[in-house]
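Inside the fold
The residues making up each chain are set out below.
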Amino acid sequence: MSNNEWDPLSQPGHYFSRIARGLSRVGDARLRDLGLATAQLPILTALKDGAQLSQKQLAHWAKVEQPTMAQMLSRMERDGLIRRTPDPNDRRSSLISLTKTALERLPAGRAVLRQGNADMTKGLTSDEINTLVTLLRRVLVNIEAMEQ
C-alpha cells in the first residue's frame, strides 16, 4: 500500500473503535435491567470496596473530564447508586461512595460482564485469549504514553 492509499480495514484502530462501540452497546443492553450502564463501570470499580473518592479523583481514575464525571454522578445519585458526603478536609468538595443498592447490584453486574467476555471470545482458546490480553495491555501502554 502506498503512502497515498488508506485502507482502514487493514488498521487495528478501526477494529478497536468498532469493538469498543459494540461492547458498549451490548453491555448497556445487558446491564439495563440492573439499572447500570457501561459508562458507570469505572466508578463502580473504584468504589466497590467501600472507598470514598472526590469527583476530581473519580474523573482522573476514569480518564474523563470533570463535567462528564459530574453529569454521570448526578445520574447515579438520582438512580440511588451513589451518595455524597461532605469532605472533612475540603468544605467545597464531597466524597462519593456507593449506596447499599449499588453494592447489591454489583454481583449480578459482574456476572453480566463475565458472560459478555465469554461471548466476545467465543471460539478462542485459553492460550489465544491470554495472548490477546497480553497484546492489548501492550497497546494500552502505548496509548497511555501517547496521551502524555
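Parameters and conventions
Residues numbered from 1 in each chain as written. Predicted model: local features only at pLDDT ≥ 70, side-chain atom pairs only at ≥ 80, totals over all residues. Heavy atoms only, no water. UniProt positions renumbered as here; feature names shortened; annotations may be inferred. Helix = DSSP H or I, 4+ residues; strand = E, 2+ residues; numbered from the N terminus. Buried < 20%, exposed > 50% of the residue type's maximum accessible area, 1.4 Å probe, protein only. Contact = heavy atoms within 4.5 Å. Core = buried A, V, L, I, M, F, W, Y, C linked by side-chain atoms within 4.5 Å. Axes fitted to C-alpha atoms, helices over the stretch in contact; angles between N-to-C directions. Parallel < 35°, antiparallel > 145°, perpendicular 65-115°, else oblique. Left-handed = near helix turned anticlockwise from the far one by under 90°. Nonpolar A, V, L, I, M, F, W, Y, C, P; charged D, E, K, R; others polar.

Here we take up the UniProt feature "domain: HTH marR-type" (unreviewed entry) in the protein. Sites flagged by UniProt as "domain: HTH marR-type" (unreviewed entry) map to residues 9-141. Regarding residues 9-141, the helix share stands at 64% and the strand share at 11%, and the terminal C-alpha atoms are separated by 23 Å.

What follows concerns the side chain of threonine 99. Among the secondary structure elements, threonine 99 is positioned in the loop between strand S2 (90-98) and helix H5 (100-120). The exposure class assigned to threonine 99 is buried, which follows from its relative accessible area of 11%. Aside from chain neighbours lying at most four places away, what touches threonine 99 is Gly80, Leu81, Ile82 and Arg83.

Among the nonpolar cores identified, the biggest contains 18 residues, and Ile43, Leu58, Leu73, Met76 and Leu98 are the most heavily contacted of them. Among the secondary structure elements, those contributing two or more residues to this core are helix H2 (41-47), helix H3 (55-62), helix H4 (66-78), S2 and H5. Those residues in contact with leucine 98 that sit more than four places away from it in its chain are Leu44, Leu47, Lys48, Leu81, Ile82, Arg83, Leu103 and Leu106.

Right, let's get into the packing of helix H1 (residues 12-31) against H5. Two elements in contact, H1 and H5, have axes whose closest approach is 10 Å; the angle formed by their N-to-C orientations is 140°. Here H5 runs oblique to H1, going by the angle between their axes. Between H1 and H5 lies a crossing of right-handed hand. Two secondary-structure elements touch here, H1 through Leu23, Arg30 and Leu31 and H5 through Gly109, Val112, Leu113, Gln115, Gly116, Asp119 and Met120.

Once that is clear, we can look at the side chain of serine 54. By the secondary structure assignment, serine 54 is in the loop between H2 and H3. Beyond its immediate chain neighbours, meaning those up to four positions away, serine 54 contacts Ser93, Ser94 and Leu95.

Turning next to the packing of H3 against H4. Direction vectors running N to C along H3 and H4 enclose 110°, while the axes themselves pass 9 Å from each other. With respect to their mutual orientation, H3 and H4 come out roughly perpendicular. Here Gln55, Lys56, Leu58, Ala59 and Ala62 of H3 come into contact with H4, specifically with Gln66, Met69, Ala70 and Leu73. Its residues assigned to classes, the contact of H3 with H4 comprises 6 nonpolar, 2 polar and 1 charged.

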